[in-house]
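# Remarks on the overall topology
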Amino acid sequence: MTIPQTHDRLNSDFGLAPSTAAQGDAVDDTADVGVDAVDVVVVGGGAAGLATAVALARSRRNVIVVDAGQPRNAGADGAHNVLGQEGVPPLELLARGRAEAEGYGVRILNGVVTGASGVVDDFTVEIDGGETRVRARRVVLATGLVDDLPDVPGVREAWGRSVLHCPFCHGWEVRDQRIAVLGRNEGALHQVMLFRQLSDDVTLFLHDAPEPNDEQWEQLAALGVRVVTPRVQRLVVDGSQVRAVEVEGGRSFDVDAVVVAPRFLARTELYEALGGQRMLTPFGQQVDADPRGATAVPGVYVAGNTGQPMAMIAVAAGSGLMAGAAVHGDLAAADLARAVEERRRAA
């Protein structure tokens, strides 16, 4: 993920510590890369960006991936619902992906993209404040998102370990445990319903969530879910393991896991620099794109969480494959039109 953090939010789903395990033998260029030599620049080297790059390189496109080496899920023990790779450590998965991409000739630059400009067939991205510039015919933004977490002490410390948000990503790992749902909005009841399938011991802490209506109270009672109304003061954390939830008044409730609802803030800075507008949603912000990843800005595509904030790794990689195929088709059509025009001029 390559956009620098500009606000005080946790810049990771499960931690941000860069790891050389995911770096590979990246190219360290300091000069401009000519537009004639580069078909596509992919910004972001996560699952979506690497899948995009592999799809393009297998179609013999010249591709550069720019990546800061700070994947959103770096701190997670394992990636789940990745068919055939269940539980694989995320950094190991990315290392494999990098090796595959480089095997097809993809060049990977380590750095932070700090600017973007240009139009279709002539884009320029600046890396590390302009120390390196890459020119390309097409741009794919796979820059991911920032998770805006509740401002409750203890949430960040245990995020991605025992503080979770997705039942599909990590629900199995906390099955049959004492689960607390930290209410932030009306979506808290939806989280209660999903995590109640995983454990008989679920407690809803309303915190910032609205008071349930009569029907919702009945639903909570039917599920056997306890409700705590005082606001949460802090999570009692031992390392990265939550031990208890403490509410106003000093009362404490022993728990094993806490569920929260982040706001998903896709990194839209580069898209806006290229002339696009971010799309605001009830869940945060993102770049609007069609199913192939094409945006309203000609020649600019997105993949992964940039356009699909709720996409898990397998879905993000799938969107990268679709974006790569779409970009290749776009370039092929442009190449054909140019070849026809050159033939006509020669005739």
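For the structure, see preceding data.
These figures come from a predicted structure and were not determined experimentally. (Residues numbered from 1 in each chain as written. Predicted model: local features only at pLDDT ≥ 70, side-chain atom pairs only at ≥ 80, totals over all residues. Heavy atoms only, no water.)

We now examine the sheet that holds strand 17 (residues 263–266). Reading across from one edge, 8-17-19-18 is the order of the four strands in this open sheet, with mixed pairing throughout. The strands lining the two open edges of the sheet, one partner per strand, are strand 8 (145–148) and strand 18 (279–281). Mean inter-strand twist for the sheet, computed between neighbouring axes without regard to direction, equals 30°. Inspection of the sheet shows strand 18 paired to strand 19 (residues 284–286) by three bridges, in the antiparallel sense. Along strand 19, the bridge assignment pairs Leu280 with Gln285. (Pairing = 2+ DSSP bridges. Helix = DSSP H or I, 4+ residues; strand = E, 2+ residues; numbered from the N terminus. Axes fitted to C-alpha atoms, helices over the stretch in contact; angles between N-to-C directions.)

The next thing to look at is the pairing of strand 17. Summarising the sheet, strand 8 and strand 17 pair through four bridges and their orientation is antiparallel. Directly across from Asp148, in strand 17, lies its bridge partner Arg263. In this sheet, strand 19 lies alongside strand 17 in parallel orientation, the contact comprising two bridges. In the strand pairing of strand 19, Phe264 is matched with Gly284.

Let us look at the packing of aromatic side chains. Counting across every chain of the model gives one aromatic pair. Relative to Phe253, the ring of Phe205 has its centre 5.4 Å away and its plane inclined at 80°; by these criteria the two rings are edge-to-face. On the criterion of sequence distance, the pair formed by Phe205 in strand 11 (residues 202–205) and Phe253 in strand 15 (residues 252–254) is long-range, its members being 48 residues apart. Neither residue differs from the other here; Phe205 and Phe253 are each classed as buried. Geometry around Trp172 places Arg175 over its ring, the cationic atom sitting 4.0 Å from the centre. (Phe/Tyr/Trp six-rings, centres within 6.5 Å; stacked < 30°, edge-to-face > 60°. Buried < 20%, exposed > 50% of the residue type's maximum accessible area, 1.4 Å probe, protein only. Lys NZ or Arg CZ within 6 Å of the ring centre and 35° of its normal.)

We now examine the side chain of Ser162. Position of Ser162 relative to the elements: it lies in the loop between strand 8 and strand 9 (163–164). Within the structure, Ser162 has its side chain in polar contact with the backbone nitrogen of Val242 (distance 2.9 Å). Residue contacts for Ser162: discarding those within four places in its chain leaves Ser240, Gln241, Val242, Asp256, Ala257 and Val258. (Polar contact = N/O pair within 3.5 Å; in protein donor to acceptor, adjacent residues only side chain to side chain. Contact = heavy atoms within 4.5 Å.)

As a further point, take the packing of helix 1 (residues 47–57) against helix 7 (residues 313–346). In a pair of packed helices, the angle between the axes and the distance between the axes together describe the arrangement. Look at helix 1 against helix 7: their axes get within 7 Å of each other, and the N-to-C directions meet at 35°. Relative to helix 7, the crossing made by helix 1 is right-handed. In this structure, helix 1 uses Ala47, Ala48, Ala51, Thr52, Ala55 and Leu56 to contact helix 7, whose residues at the interface are Ile313, Ala316, Ala317, Ser319, Gly320, Leu321, Ala323, Gly324, Val327 and His328. (Left-handed = near helix turned anticlockwise from the far one by under 90°.)

Quick look at the pattern of salt bridges now. When their charged atoms lie close together, side chains carrying opposite charge are able to pair. Going through the model one piece at a time under the given rule, you end up with 22 salt bridges. Residues Asp67 and Arg98 are paired through a salt bridge, measuring 2.9 Å at the closest nitrogen-oxygen approach. Highlighted residues: Asp67 in strand 2 (residues 63–67) and Arg98 in helix 2 (residues 90–103), separated in sequence by 31 residues. Between Arg184 and Asp148 there is a salt bridge, with its nearest N and O atoms 3.8 Å apart. With Arg184 in the loop between strand 10 (179–182) and helix 4 (188–196) and Asp148 in strand 8, this residue pair connects regions lying 36 residues apart in the sequence. Of the residues examined, Asp148 reaches a relative accessible area of 12% and is grouped as buried. If you follow the salt bridges from partner to partner, you end up with Asp39, Arg61, Asp121, Arg137, Arg138, Asp330, Asp335 and Arg338 in one network. (Salt bridge = Lys/Arg side-chain N within 4 Å of Asp/Glu carboxyl O.)

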